[in-house]
Amino acid sequence: MSLDTWMLFLLAYLLATLTPGPNVLLVIKNGLQLGWRSALLTIGANLFCQAIFICLVAMGVGALLQTLPPLFLALKLAGGGYLIYLGYKALRATDAGSQEAQRVGASLPSRNKGSLLREAFLVSASNPKTIIFLCALLPQFLDHQSPLPIQFLTMYLTICVIVSLVHLCYVALARRAGSYFKPVRGQRLFSRITGGIFISLGGAILLSGRP
């Protein structure tokens, strides 16, 4: 992969990452409610899922999804349903969480590390169109005269840097904006917003057409 090709790939993926989606929303949610460590764990689980996706793209699974509509439909139903479940859980926990925060002085809730990693991985894997997007994007930048594994590794490392920087910037901006609100009221409002967005994203996945 030449330097020019790599720069084009970097720009293309950067533009795609700047568009907020379920992964960004979850990172912001965990970063605001649980702190920087939880945000980093969420990003790590997302990147691990991306590594699996890139391996699947290299093996041609993305093209298989396009040619097998029933498989794509099953993954779409599972992914959209999971996002709707996360949204419902966030909305349901809003009142209970704010009441608990008032009792304990608005202290940060605690979450099990395994639970955080599992949730972040499932959110990353919840949209089957992600693998199809990578299947359409990555081959455009491959040089078949050079070793493909090295090129896939280069693109994955580039993705790691882009995702980490962009997501952490979103968290920093959200935490700065959140400092202007009262903790309990701000957390309640944010939980309602994220719950509604997760439900909307899940519904959009369920109602979307074929890849």
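Residues numbered from 1 in each chain as written. Predicted model: local features only at pLDDT ≥ 70, side-chain atom pairs only at ≥ 80, totals over all residues. Heavy atoms only, no water.

Caption draft 1: Molecular detail of the overall build of the protein chain. Counting its regular elements, the protein chain contains 9 helices and 0 strands. The proportion of buried residues among the 211 residues of the protein chain is 39%. Counted over contacts in the protein chain with a minimum sequence separation of 6, partners at least 24 positions apart contribute 90%. When the accessible surface of the protein chain is summed, it comes to about 11,500 Å², and 68% of that surface belongs to carbon and sulfur atoms. (Helix = DSSP H or I, 4+ residues; strand = E, 2+ residues; numbered from the N terminus. Buried < 20%, exposed > 50% of the residue type's maximum accessible area, 1.4 Å probe, protein only. Contact = heavy atoms within 4.5 Å. Areas by Shrake-Rupley, 256 points an atom, 1.4 Å probe, with all protein chains shown as cover.)

Caption draft 2: Highlighting a nonpolar patch on the surface. Taken together, the side chains of Leu11, Leu15 and Leu18 define a hydrophobic patch exposed on the protein surface, amounting to about 280 Å² of accessible area. Inspection of the secondary structure assignment puts leucine 18 in helix α1 (residues 3–18). (Patch = residues over 30% accessible without salt bridge, like charges linked within 9 Å, V, L, I, M, F, W, Y side chains within 5 Å. Salt bridge = Lys/Arg side-chain N within 4 Å of Asp/Glu carboxyl O.)

Caption draft 3: Region of the structure containing the side chain of serine 38. Tracing the backbone through its elements, the reader meets serine 38 in helix α3 (residues 36–58). With a relative accessible area of 7%, serine 38 lands in the buried category.

Caption draft 4: Fine view of the nonpolar core. Judged by nonpolar contacts, the single largest core of 27 residues is most densely connected at Phe9, Tyr13 and Leu138. Broken down by secondary-structure element, the contributors of at least two residues to this core are α1, α3, α7 (129–137) and α8 (148–178). Leave out the neighbours within four places in its chain, and tyrosine 13 touches Gln50, Phe133, Leu134, Leu137, Ile159, Ile162 and Val163. Ranked by size, the runner-up nonpolar core spans 9 residues in total, among them Leu25, Leu86, Ala120 and Val123. (Core = buried A, V, L, I, M, F, W, Y, C linked by side-chain atoms within 4.5 Å.)

Caption draft 5: Fine view of helix α6 (residues 113–125). Along its 13 residues, α6 runs 18 Å from first to last C-alpha, staying within 8% of the 18 Å computed at 1.5 Å per residue. Taken as a whole, α6 has its buried residues at Leu116, Glu119, Ala120, Val123 and Ser124. An end-on view of α6 places all buried positions within 135° of arc, on one side of the element. The opening residue of α6, the one whose side-chain oxygen lies 2.6 Å from the backbone nitrogen of glycine 114, is asparagine 112. (Expected span 1.5 Å × (residues − 1). Arc of directions from axis to C-beta. Polar contact = N/O pair within 3.5 Å; in protein donor to acceptor, adjacent residues only side chain to side chain.)

Caption draft 6: Layout of the environment of tyrosine 82. Position of tyrosine 82 relative to the elements: it lies in helix α5 (residues 69–103). As a C-alpha pair, tyrosine 82 and glutamate 119 span 37 residues in sequence and 9.8 Å in three-dimensional space. Not counting residues up to four positions away in its chain, the partners in contact with tyrosine 82 are Glu119, Leu122 and Val123.

Caption draft 7: Region of interest: the side chain of threonine 42. Within the fold, threonine 42 resides in helix α3. On the basis of relative accessibility, which here comes to 2%, the residue threonine 42 falls in the buried class. A distance of 2.8 Å separates a polar side-chain atom of threonine 42 from the backbone oxygen of serine 38. The residues touching threonine 42, leaving out its near neighbours within four places in the chain, are Leu26, Val27, Asn30 and Ala120.

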